[in-house]
Amino acid sequence: MAKITTVVQKEDLIQSPLNDANKVKASDINKIVQTINVNDDLLSEKTKKGGYTGTTQDLKDELNTAVFTGATTYQTEAELLAVSPIPANGTPAKVANDPNSSKNGNYSVVSGAWVQDSSIIDNITVSEDIKTDADKLLFSDRDKELIPDSTEVGSLGYKFIRSDFDFTSIPSGYDNATWEIKDYFDLGGSTINLPANVTLFFNGGSLDNFVSINGDNTEIKTNGDYQLFFNSGSFTGFKNENFKLEWFGARGNGIDADEVSILNAFNSYSKFKANENSTYVLENQLLLPDKTISLDLNGSELKRSLSFSSSESCVVGIVTEGTNKTFIIKNGVLSSNLNQPDFLIDLQGYDKVVISKNTTKSDSPIIRVFECSDAIISNNTYTGLSSTPTINSRFADVKNSDNITFNNNLIQNSKSAFKIEAINSDFNSNIKVVNNTILNTQDTGIFCRMIGTGGNSYKGCIITGNYFKNIGKTAIKFTAPVTATQGDLEKCIITGNIIKGFALIVSSPAIGVFRDDSDTSIFIKEIIVSSNVIDGKDTNGNITTLPTPTDARGVRIQNVDNACINNNIISDIPSEGILMSKITNITCIGNQVKNTNESNVGEASVYLLSVSNGIVNNVCSYAKNGKDGIKLNQVKNTQVFGVYNDNTGYGLNETTDGAIGVKSANNLYTVISKNNSLGDIIIRGSQSSESSLEINSIDSSGSRQYGTSARRDLLSNDWLNNRNVGYRYWNTDNSELEIYTGSSWVKYDGSTVTT
């Protein structure tokens, strides 16, 4: 019998994949093999160990290629438990094929006994938790490699949340850490309280069935966008600026209905940002929870489906007034291909509303703000889809609200742009419509009115800096129709607007503030219309082609107390440039009005009807079709200044048309009036005591009119006895100044005039 006394001194004969410290040394092998006896009669290249029949070189090769997993594998738990003696504490093992599958898994020795231990890494050489680098083992840098947007390496502890983790009993030491969630967890209707400074990294996992998750400076990060939460409750204490709709199941693929998922999201959290290039489809009404909601669509689309099952508004938010709720929707595409009267988004009771930077394609109304306050509707674009939009096609309605601002919106190809109403006993106040562009509306651009009964109130409206082009009816309209039986419309300012082309479809003024004559319990007062530019020509240089556009005036103010119409530039108007009717206390100063009565349907460039207590000082010229520069009908106690030249009618025409007993009287004139076709000034009345007075003469001769004898006689034929005594006329036939005595004309020296 002989002994093997040496083994080749090769350091890597048996090499562990762990590290240098775990390599099996050749010297250790020598100590073992020196005890192996070999029969003398066996060939020297054979061994008897374990019945092995290979050569020693075969054994060497197999040992060189052996891979040690660090744990012995047993087929059953019984086989494992039969090991004797039990190895040292910490020794690992694995059960692979026990008939009871729950017995399979990793084990280790704890306190002298085998314990199933799921924390043992299953395959240390290929696990994503640990990687190899040559002959070294490294823990994967999970913060950097798998968590989006991570910038710091190892800044927090890293926790693998295994499938049996108990969220209701979180161990100590789990704060200030990143938790990787790869499994589905049913939280059993629990309330989860997270430790401080935790990042929940969802890497395929999800959470279901919880009342609330209460974070403490908690953040959510994901590996891809998918549904993280099912049957979810509320979230508090999270530092994410926004959650995503996809975390609650929204698809955003333009096909599947998303309203249920979006509702679940809004029920759970308040602030969201959509994924880019998504289309969220609503097939049924989405009734918002009574809470603050903020949705940044991030360029994506919120769309009412063609199969929308109801004629009701699509997204409806009704909250308790005065509870400080906010609704925000911005940066998206709001679309509805349905032509119906109800709204895509219908809001009621919010204390703050922001509708901003949205693009809209629709033939339906988009936004209604009802009984809300502090709303900002800005930088939106609305484009009607039809070349002949119906009454439903408009961007926004505001009803019974206060502190509402429409700013810098573009509205085009719609029936109208904005409708702002006070209904029944409620009110609108502090409405601002500023710097909007409104193009090609077939009806009214900005429509403000009171409707219903019960003492409406409409106070403090400013419409300024807006641009209107090719308006089918009225650009700006304040009114109270016959259905409004009581209320006040006051303190409204319309200034700095540009209107180019109006009344193209319906005969209406460019700017109108009026009520029906029969609505005597409606009071409109303190109205200012100033510094607007109104051009009756459209972009093709044409005014309306309507056959009788009588109401196609530049400005119409009617049934108003305390009105100022100042410094407007008005030109190329089908009817009057300015109509002031049934007004007490009026200022009409600094307006430049020319080329009016283009359609031969008006009275004058500036027409005062049943006006009292006013000051008028304008420049009016080139009234067409025999019309006057300024006409006063049933006007009293009004001072008229200004320049009224080059009109085809009279420069200034005071008359007494209309109801019996209503006469123009006690007006004072200091005007320049020249080169008017019918005469510069004509004053007609029934009694001399009611004649108006001349303050200053018109030209160097002191005459107020000039022309031939025939024209002189035509002028006085309309005067009754004792009317216009002392009226001076320059007779161009004989170059003499003549004076009217109340019944006949005489020369300035009292002699008989030439007939």
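Keep in mind that this is a model prediction, so the values were computed, not measured.

(A) Representation of the sheet that holds strand β4 (residues 92–95) in the model. Strands sit in the order β3-β4-β5-β6 across an open sheet of four strands; the sheet is mixed. Each of the sheet's edge strands pairs with one partner strand only, and the pair in question is β3 (72–74) and β6 (113–116). Direction aside, neighbouring strands of the sheet carry axes that sit 35° apart on average. Across four bridges, the pairing between β4 and strand β5 (residues 105–110) is antiparallel.

(B) Molecular detail of empty space enclosed by the protein. With the rule as written, the count across this model stands at one cavity of 30 Å³ or more. Considering only enclosed or pocket space, the largest cavity measures out at about 60 Å³ in volume. Along its surface, the largest cavity is lined by Ile 262, Phe 266, Leu 282, Leu 286, Ile 293, Leu 295, Leu 302, Val 315, Phe 327 and Ile 329. Sorting the residues of the lining of the largest cavity by element identifies α5 (259–268), β20 (293–296) and β23 (326–330) as the ones contributing at least two each. Its residues assigned to classes, the lining of the largest cavity comprises ten nonpolar, no polar and no charged.

(C) Representation of the nonpolar core in the model. Counting residues in each nonpolar core, the largest one holds 136 residues, and the members touching the most others are Phe 167, Trp 179, Phe 229, Phe 418, Phe 478, Ile 565 and Met 580. Take this core: its biggest share by element is six residues, from strand β48 (residues 578–594). Excluding residues that lie within four positions of it along the chain, Phe 478 makes contacts with Cys 448, Tyr 458, Cys 461, Ile 463, Leu 489, Cys 492, Ile 494, Gly 512, Val 513 and Phe 514. One finds Tyr 74, Leu 80, Val 109 and Trp 114 within the second-largest nonpolar core, a separate group that totals seven residues.

(D) Representation of the side chain of Thr 444 in the model. Along the chain, the position of Thr 444 falls in the loop between β36 (437–439) and β37 (446–451). Given the relative accessible area of 2%, Thr 444 is considered buried. A polar contact is formed between the side chain of Thr 444 and the side chain of Asp 443, at a distance of 3.1 Å. Setting aside anything within four residues of it in sequence, one finds Thr 444 in contact with Lys 415, Ser 416, Ala 417, Lys 473, Thr 474, Ala 475 and Lys 477.

(E) Here's a closer look at unusual backbone geometry. A cis amide bond links Ser 84 to the next residue, Pro 85, at an omega of -5°. Looking at where Pro 85 falls in the secondary structure, it is placed in the loop between α3 (77–81) and β4. Backbone geometry places Asp 572, a non-glycine residue, at a positive phi of 55°. Tracing the backbone through its elements, the reader meets Asp 572 in the loop between β47 (569–571) and β48. The exposure class of Asp 572 is buried, given its relative accessible area of 10%. The residue Asn 597 is not glycine, and still its phi comes out positive at about 55°. Considering the arrangement of structural elements, one finds Asn 597 in the loop between β48 and β49 (604–621). Asn 597 sits in the buried class, given a relative accessible area of 0%.

(F) Region of the structure containing the confidence of the model for the protein. In this model, the protein carries an average pLDDT of 81, and 77% of its residues clear a pLDDT of 70 or more. Long-range and interchain partners of residues 1–19, a stretch whose pLDDT sits below 50, account for 50 contacts in this model, where long-range means more than four residues apart. Every residue in residues 685–702 is under pLDDT 50, and counting partners more than four places away or in other chains gives 47 contacts.

(G) Fine view of the packing of aromatic side chains. Evaluation of the coordinates by the stated rule reveals 27 aromatic pairs. Look at Phe 243 and Trp 247: their rings are 5.3 Å apart centre to centre, the planes differ by 55°, and that puts the pair in the tilted class. Taken together, a centroid distance of 6.0 Å and an interplanar angle of 65° make the contact between Tyr 382 and Phe 395 edge-to-face. Of this pair, Tyr 382 sits in strand β30 (residues 381–384) while Phe 395 sits in the loop between β30 and β31 (396–399), placing them 13 residues apart in sequence. The residues Tyr 382 and Phe 395 share a single accessibility class, namely buried. The structure contains a cluster of three or more aromatic residues connected by ring pairs, namely Phe 202, Phe 210, Phe 229, Phe 235, Phe 238, Phe 243, Trp 247, Phe 248, Phe 266, Tyr 269 and Phe 272. The ring of Phe 514 has Arg 556 lying over it, and the distance from NZ or CZ to the ring centre is 3.9 Å.

(H) Region of the structure containing the side chain of Arg 515. Its place among the elements puts Arg 515 in strand β43 (residues 511–515). Not counting chain neighbours up to four residues away, the residues in contact with Arg 515 comprise Ala 480, Thr 520, Ile 522, Ile 524, Gln 558 and Asn 559.

(I) Just the pairing of strand β46 (residues 555–566), in detail. Counting buried positions over the twelve residues of β46 gives nine, a clear majority of the element. Where β43 meets β46, three bridges bridge the pair, whose relative direction is parallel. Each residue of the ladder has a partner; that of Ile 511, found in β46, is Val 555. Here β46 runs beside β48; their pairing, made up of eight bridges, is parallel. Bridged to Val 560 within β48 is Ile 583.

(J) Region of the structure containing the pairing of strand β28 (residues 367–370). Sheet topology note: the strand β25 (residues 345–348)/β28 ladder contains four bridges and is parallel. Bridging from a neighbouring strand, Gln 348 pairs with Phe 370 of β28. Across four bridges, β28 lies against β31 in parallel orientation. Bridge pairing in β31 places Phe 370 opposite Lys 399.

Calculation rules
Positions within a chain are numbered from 1, following the residues in the order the chain's sequence is written. Local features in this predicted model are restricted to residues of pLDDT 70 or higher, and side-chain atom pairs are both shown and tallied only at a pLDDT of 80 or more, whereas totals for entire chains, interfaces and linings draw on every residue. To get the side-chain values, take all heavy atoms of the structure and skip hydrogens and water. Following DSSP output, two strands are said to pair if at least two bridges run between them. Secondary structure elements follow DSSP: runs of H or I of four or more residues count as helices, runs of E of two or more count as strands, with numbering from the N terminus. Only the contacting stretch of a helix is used when fitting its axis, a line to C-alpha atoms as for every element, and angles between N-to-C directions run 0 to 180 degrees. Put plainly, a pocket is an open set of points on a 1 Å grid over the protein atoms alone with protein on both sides within 12 Å along at least five of seven lines, a cavity is a set where a 1.4 Å probe fits but cannot get out, and a lining residue has an atom within 4 Å of a point. Grid points are joined across faces, edges and corners, and a volume is the space filled by probe spheres set on the points. Here the term charged refers only to Asp, Glu, Lys and Arg, the term nonpolar to Ala, Val, Leu, Ile, Met, Phe, Trp, Tyr, Cys and Pro, and the term polar to all other amino acids, Gly among them. Nonpolar cores are built from buried Ala, Val, Leu, Ile, Met, Phe, Trp, Tyr and Cys residues. Side-chain atoms within 4.5 Å join them into one set. Whether a residue is buried, partly exposed or exposed follows from its accessible area with a 1.4 Å probe, protein chains only, as a fraction of its type maximum: under 20%, in between, or over 50%, in that order. Whether two residues are in contact is decided by their heavy atoms, any of which lying within 4.5 Å being enough. Think of a polar contact as two N or O atoms within 3.5 Å of one another; within protein, one of them needs to be a possible hydrogen donor and the other a possible acceptor, and neighboring residues in sequence only count if both atoms come from side chains. Note: pLDDT gives the predictor's confidence per residue, expressed from 0 to 100. Paired rings are identified among Phe, Tyr and Trp, the last through its six-membered ring, by centres lying within 6.5 Å, and are further divided according to the angle between planes into stacked (under 30 degrees), edge-to-face (over 60) and tilted (the rest). Two conditions define a charge sitting above a ring: the NZ of Lys or the CZ of Arg must be within 6 Å of the ring centre, and it must be within 35 degrees of the ring normal.

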